Every structure is written in C-alpha cells, then in structure tokens.
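# Remarks on the overall topology
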Amino acid sequence: MTSSQPHVAIVGAGIVGLAHAWAAARAGYRVTVFERTDKARGASVRNFGMCWPIGQPAEHFPLAMRSRELWVEFTKATGAYARPCGSMHVVAHDDEAAVLEEFVRAAPDGGFQVELLTRAQVEERCPGVKRGVAKAGMFSTTEMNVDPREAMAFLPGFLAEKHGVRFHWNTAVTQVGDGKLHTARGEVHAYDEAFVCSGHDFESLFPEIFAASPLKPCKLQMLRTVPQPGGWQLGPMLASGLTLRQYSSFLGCPSLAEVKARVAWDMPELDRYGIHVMASQDRFGGIVLGDSHEYGEFEIFDKAEVDELMLRELRKLFDFPDWTIAERWHGIYAKHFGDVEYRAEPTPGVHIAGGTSGSGMTMSFGLADRFFAKRELAV
Ligand SMILES: Cc1cc2nc3c(=O)[nH]c(=O)nc-3n(C[C@H](O)[C@H](O)[C@H](O)COP(=O)(O)OP(=O)(O)OC[C@H]3O[C@@H](n4cnc5c(N)ncnc54)[C@H](O)[C@@H]3O)c2cc1C
C-alpha cells in the first residue's frame, strides 16, 4: 500500500462496509474503515450466518454464488467456521409441496441446483426433521453456513493483514463531503472516495437522503439453543413451507398465492409479525432459530409472543435433541422493498451503500465486487 494510491474511506464495519473494504483493496485502493463501536455489533453479527443463494431470484443467483466463492476464499484463508451443508426446505402442506414442484421444474433455467425429495428422503438426510410430518422437501446444494460472530471478528484482521486495510474503531463519523471525513473525536481525514455503509442508522449521516429513500428499518427476533448433546449434527440448514412466503426466488410459482392465502386465513398472527421459520447450527453445536419481521415503527422491546409463535411453528416440523433456549436477541436491518441493494451518491465522491435487507450475508461480497469490477481507479 502506498500513499499515492487513491484513498477510499468506509463508514461502518458491518458486512456491507467490510465487503466494500475488501473489494476496494482488491481493486488497488488504499482503504480505511471507520466504525463507531469497538467491533461489529449490528445486524451482521445478529443473523443466522446463512449464505443463501436459493433465496435469490434467478437474475441475482450468479452474484450470490460469487459471494459464496468469496466466503470460501475468506474462510479458507482464516480458518473461520464454514459448513457447505446446503439447505432443505421442509413442507407439510399440499400447496407448499406444489410450490416446490413448480420451483424445481423451472430451476435449471435459473442455475439453481435443487432436487425434490420424498418424506423418507428428507428424514434420512435431516435428523432434526420430525418423523412422519413432511409432505416433501427440496434440497439445494449451494447454501453455506458461517458463524457471523466469528466471521465478523476475523474479517478485520484478514483485511488488515492481507490487504493493508486500516481500522479506526470507537470512531463515529459525523460528516462526510468535499474530500473530508469528520469524526466525533475531532479528527479530519482526507479521502478520494467515501462509502457510507451505516446499516439501519438513517439519522447520523445524510438523513434527508435516507428519508427520501425506499428503505425502512426491519426488526427480527431470534433464539439460540444450547449446544446439542453428543456432537449432534443438524445436516443441511432448515427452512419451512412458511419460508416460501419470504424469499423472492419463489415469487414466480403459481401455487404460492394459495400458500399465502391459507396462512393469512388460518394463522393471521404469523403475517402480523412476519414469521417464518428457519434453523442453522453454530460452531459450538447450538441451533440458531428464527425469525420474525416488523417493519417501520416497532417496539424496541422484544415480544415473548413472537418467540412463542416461532417455537410453535418450529416444533411442528422439527425435533432437536435439546430445545433449551440459551439466548434471545433481536437485530435490525435496512429493508429495501424493491431491490437487492440501495445505492445513492448524495454528493460527488460519496456513495451510500446498504439496504441489503435479509440477504446481506448472502449478497454483500458479490455486490461490492461487482461495483468495483465495473470501474477503473478513480484517481
Ligand atoms: C436477525 C437477522 C437475521 C439475518 N439472517 C441473515 C442470513 O442468515 N443471511 C443473510 O444473507 N442475511 C441475513 N440477515 C441480513 C444481514 O444480516 C444484513 O443484510 C446485513 O448484516 C446488513 O449489514 P450492514 O453492514 O448494512 O449493517 P450493520 O451490520 O448493522 O453495520 C452497520 C455498521 O455501521 C456502523 N455505523 C453506522 N453509522 C456510523 C457512523 N456515523 N460512524 C461510524 N460507524 C457507523 C454501525 O455501528 C454498524 O457497525 C439477517 C439480519 C438479521 C437482523
């Protein structure tokens, strides 16, 4: 790294900020990251750690796979936990099974690597699926599980050592523009280009741009079990029939309307809190469970009712050896209802990047890579 290289300043050390730091460094920029807390504490450490290409519409699937490639590169280089275990959608209703059939039929056109399974095949591959309940399942090979807490702790060291990226922790950025970045510590740093990757903080920088953007905060509640006994393994990460309502990859399936209508009629409480259920396994053997979605104005306090509803739905389909809940938390992300990311350039040389919704772990590496791959060094 030399001082003659153009300098990119990044605000925020969540996955979006670090993905931009990595892509900028690979593209030949000198990079500095400013993070107001002592380590990543936002959405990027509060998620399932699911790199989930199967949830992306076909046009974004290749970008999700590019992200996955970069996750493999990073986890191989650092020894961070990564389980290329794939995913299983487990369904218990005929309308959900019809969606899976429709999806699998069209899947080769989109590049998806999926197979439709019978109940017996699902039960054989997934020890955590309740016996006798599944109507069918869909296994996808492309999903990978990382441990977000570990990954977000390892990434800064990887970027510093391999790419010379510099970090200013405990440093809130108060103003960015005209080639100068101001911090709450009273420092001023020069930059050639700046990237504001501030997650769901819409107030600190460029509040008027965020107010006019299509972004809304979205709050999710999550749970984690104690480590499962005897080294018990989940197998593929698990998703439910309810999940078909959540990811845009299934939007083209004609039977989805029936699923949505049935859930809305029979279980309106699930729609009220945006509940569908999924499970991944952390590196200590605990099962990470979720999730719910409350948009816009929400309570800061977590609702016991939401946790109970998620557990009710999880227990209908899954049977883990130990359901003892060790942790409960919530996370908030910036939801973009119309796209896979949000970008704006409020003033020349300053880019806002974010709005990765529920797919930041899946898409950020690929999105940042695409952004820098398209351009020449700016200076
Ligand atoms: C519960 C939950 C489960 C999820 N599960 C998954 C999943 O399994 N797979 C998946 O692909 N996606 C998942 N997501 C989505 C994913 O986690 C988000 O899309 C992603 O983490 C957003 O990253 P970010 O960098 O924008 O935000 P954050 O991680 O919130 O980072 C923003 C950072 O900016 C810093 N910052 C803000 N303002 C300033 C300032 N002025 N100065 C300095 N620093 C500042 C903040 O302190 C923060 O560290 C989940 C999200 C949640 C909440």
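Everything numeric in this text was worked out from a predicted model, so none of it was measured. (Residues numbered from 1 in each chain as written. Predicted model: local features only at pLDDT ≥ 70, side-chain atom pairs only at ≥ 80, totals over all residues. Heavy atoms only, no water.)

## Considerations on the pairing of strand β11 (residues 180-183)
Formally: Summary of the burial criterion: residues with accessible area below 20% of their type's maximum are buried, those above 50% are exposed, and those between are partly exposed, where the area comes from a 1.4 Å probe applied to protein chains only. To qualify as a helix, a DSSP run of H or I must reach at least 4 residues; to qualify as a strand, a run of E must reach at least 2; elements of each kind are numbered from the N terminus. Two strands make a pair as long as DSSP finds a minimum of two bridges between them.
Burial of the side chains of β11 is restricted to one face: L181 and T183 are buried, whereas none of K180 and H182 on the reverse face is. Relative to β11, strand β10 (residues 173-177) runs antiparallel, the two sharing 4 bridges. Residue pairing in the sheet places V176 in a bridge with L181 of β11. In sequence, β10 turns back onto β11 through a hairpin of 2 residues, with D178 there showing a positive phi of about 55°. The pairing of β11 with strand β12 (residues 188-190) spans 3 bridges and is classified as antiparallel. By the bridge assignment, L181 is partnered in β12 with H189. Between β11 and the antiparallel strand that follows it, β12, lie 4 residues; G186 among them carries a positive phi value of about 90°.

## Digging into the domain arrangement of the protein chain
Heads up, the condition is: Domain delimitation follows an automatic or database domain assignment. When checking whether two residues touch, look at their non-hydrogen atoms; a contact exists if any pair is within 4.5 Å. Accessible area that two parts lose when put together, evaluated with a 1.4 Å probe and summed over both, is termed the buried area.
Along its sequence, the protein chain is organised into domain 1 (7-44 + 149-213 + 339-378) and domain 2 (87-141 + 215-336). Counting from both sides, the interface comprises 15 residues of domain 1 and, opposite them, 12 residues of domain 2. A buried area of about 1,200 Å², summed over both sides, lies between domain 1 and domain 2, and 56% of it is on carbon and sulfur atoms. If you sort the residues of domain 1 by the area they bury against domain 2, R149, H200 and S357 come out on top, with a joint share of 38%.

## Quick notes on the site of the ligand
Note the cut-off: Near is defined per residue: the residue qualifies when any heavy atom it owns lies within 4 Å of the molecule or strand. We define a polar contact as two N or O atoms separated by no more than 3.5 Å, with the added condition that, inside protein, one atom must be a possible hydrogen donor and the other a possible acceptor, whereas residues neighbouring each other in sequence contribute only through side-chain atom pairs. Note on areas: Shrake-Rupley, 1.4 Å probe, and residue coverage restricted to the protein chains presented here.
Taken together, 36 residues lie near the ligand, and E35, S44, M50, S357 and T362 sit nearest. For the ligand, an oxygen atom lies 2.6 Å from a polar atom in the side chain of E35. Side-chain polar atom of T362 to an oxygen atom of the ligand: 2.7 Å apart, as the coordinates give it. About the coverage of the ligand: the protein hides 96% of its 1,000 Å² of free accessible area. Elements represented by at least two residues in the shell around the ligand include exactly α1 (15-26), β14 (215-225), β19 (325-336) and α10 (360-373). The residue makeup of the shell around the ligand includes at least three contributed by each of domain 1 (7-44 + 149-213 + 339-378) and domain 2 (87-141 + 215-336).

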